[in-house]
Amino acid sequence: MNYAMSKRAGRSVTMVQRETTDGGVEEAQTQDEVEHMIWEEIHGKRFYLAEQAPICKGRLRGDFGYMANTEAARKVLEGEYEYPAGCHQGTKDILEEIAEIRSVIPANSVSTDLRRPAWKEKWRGAKEKTSSSLPGLHFGHYVAGSTSEVISHHHALKATICLKRGFAIDRWKGGMTCILEKLPGCCLVIKLRAILLMEADYNAKNKIIYGVRMMDNARQYKMMQDEIYSEQGRTAEDGALAKILFYDLVRQTRWPASIASIDAANCYDSIAHAIASLIFQAFGVPVEGVQAMLEAIQEMKYFLRTAYGDSKGCSQSKIEVKYQGLCQGNGAAPAGWAVISITVLKAHKRKGHGATFCCPIFPRLSLRWRQSCL
């Protein structure tokens, strides 16, 4: 009964559709047509969304580049950067908040040393059937290697060298994009879910550095209050209960308030690497460790897996304009989005509460309430 009544799951695609400029729908039904349309609409558009950010334009692009490993980036972290005339106010607010966070969290306080015990612990509970990218070093290799002192030391040492020197090995720059239906039966290419299968050891070191150590740093320095319902052990019911209690308190105290449920569309794909790098550095990750993660994404070769099988060709970024975002399937993406959200929310709160509620009947009450909030 549970199987029959459960929500329909999406499946791999055999055809895709896209809307035309005249309001019609164009279909692709062969393997070549499907792959070409997906590469054109998803990899050719979605992974360049970050280029719309002000930090990717004009003088800011020259000052920070893609990696934010420049002298200008150091000045931002130290609160000494001189903003150009006409700088986008929202970008300036975020950069100033990054400097505030750095003043609290020590530089390079996240260790990028991957020792044998931590590496073995990471793979001890891994499932061998978990899929990874193309080159052939699947989860089973690392699960088996974790039982050996020598092999696990070799794997951990190789990842540590990349983190310390700030580069990504070529094997990490190949990913398999699995295209699935987000809404069962809907084949519009903009509605499809693109899950990237990345190299197993690349994802493992990302989860350790960002998912564990950077988040531990954020909790240690009291930066996690706005993300409490994403902690391990929390459920959706905890968030729902908090919302109900909020409503009760607002109603009983008669405080003017509002609550919003907001979905950040394409949030992972819209992250500009310069902003991400600055925020990761502010939360204690060394710049070399950030480079080891972002370089692989910028130079990624995206292969496709559809119902037709794996593609023979791939999609790559241009020489002058690189891919950005954090990728669905990257072990660093959830933690990365969490700290980016924290930074944005903290910058927003410095501007005030974000809204003014005016009472048309009792204007003095509204004024008194506004003053009490300052």
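This text goes with the structure placed above it.
Residues numbered from 1 in each chain as written. Predicted model: local features only at pLDDT ≥ 70, side-chain atom pairs only at ≥ 80, totals over all residues. Heavy atoms only, no water.

**A few points about the state of the cysteines**
Turning to step 1, where the next piece is worked out: All chains considered together, the criterion is met by zero disulfides.
Turning to step 2, where the next piece is worked out: Unpaired in terms of disulfides, Cys187 finds its nearest cysteine sulfur in Cys186, a separation of 6.8 Å.
Turning to step 3, where the next piece is worked out: Exposure remark for Cys187: the relative accessible area of 9% places this residue in the buried category. (Disulfide = S-S within 2.5 Å. Buried < 20%, exposed > 50% of the residue type's maximum accessible area, 1.4 Å probe, protein only.)

**Digging into the packing of aromatic side chains**
Turning to step 1, where the next piece is worked out: With the rule as written, the count across this model stands at 12 aromatic pairs.
Turning to step 2, where the next piece is worked out: Between Trp123 and Phe139, the ring centres sit 5.1 Å apart and the planes meet at 75°, which makes this aromatic pair edge-to-face. With Trp123 in helix H6 (residues 116-124) and Phe139 in helix H7 (residues 139-145), this pair connects stretches of sequence that are 16 residues apart.
Turning to step 3, where the next piece is worked out: Over the ring of Trp123 we find Lys122, and its NZ or CZ is 5.4 Å from the ring centre. (Phe/Tyr/Trp six-rings, centres within 6.5 Å; stacked < 30°, edge-to-face > 60°. Helix = DSSP H or I, 4+ residues; strand = E, 2+ residues; numbered from the N terminus. Lys NZ or Arg CZ within 6 Å of the ring centre and 35° of its normal.)

**Digging into H6**
Turning to step 1, where the next piece is worked out: Three or more residues of H6 are buried, namely Trp119, Lys120 and Trp123. One side of H6 carries all its buried residues, which in axial view fall inside an arc of 95°. Residues of H6 that are exposed and angled more than 90 degrees away from the buried face: Pro117 and Arg124.
Turning to step 2, where the next piece is worked out: On its buried face, H6 sits against H7, helix H8 (149-165) and helix H9 (200-220). (Arc of directions from axis to C-beta. Contact = heavy atoms within 4.5 Å.)

**Here we look at the nonpolar core**
Turning to step 1, where the next piece is worked out: Grouped together as the largest cluster of nonpolar side chains are 90 residues, with contacts concentrated most on Ile55, Phe64, Tyr210, Met214, Leu278, Phe280 and Phe283.
Turning to step 2, where the next piece is worked out: Looking at this core, the element that brings in the most residues is H9, giving nine residues.
Turning to step 3, where the next piece is worked out: Discounting chain neighbours no more than four positions away, the residues touching Tyr210 are Met215, Phe280, Val285, Gly289, Val290, Met293, Ala332 and Ala335. (Core = buried A, V, L, I, M, F, W, Y, C linked by side-chain atoms within 4.5 Å.)

**A word on the packing of helix H5 (residues 89-104) against helix H13 (residues 333-349)**
For any two helices packed against each other, the geometry comes down to the angle between their axes and how far apart the axes lie.
Turning to step 1, where the next piece is worked out: Two numbers describe how H5 lies on H13: the axes approach to 9 Å, and their chain directions differ by 105°. Comparing their axes, H13 and H5 come out roughly perpendicular. Residue-level contacts link Asp93, Ile94, Glu97, Ile98 and Ile101 of H5 to Thr343, Val344, Lys346 and Ala347 of H13. (Axes fitted to C-alpha atoms, helices over the stretch in contact; angles between N-to-C directions. Parallel < 35°, antiparallel > 145°, perpendicular 65-115°, else oblique.)

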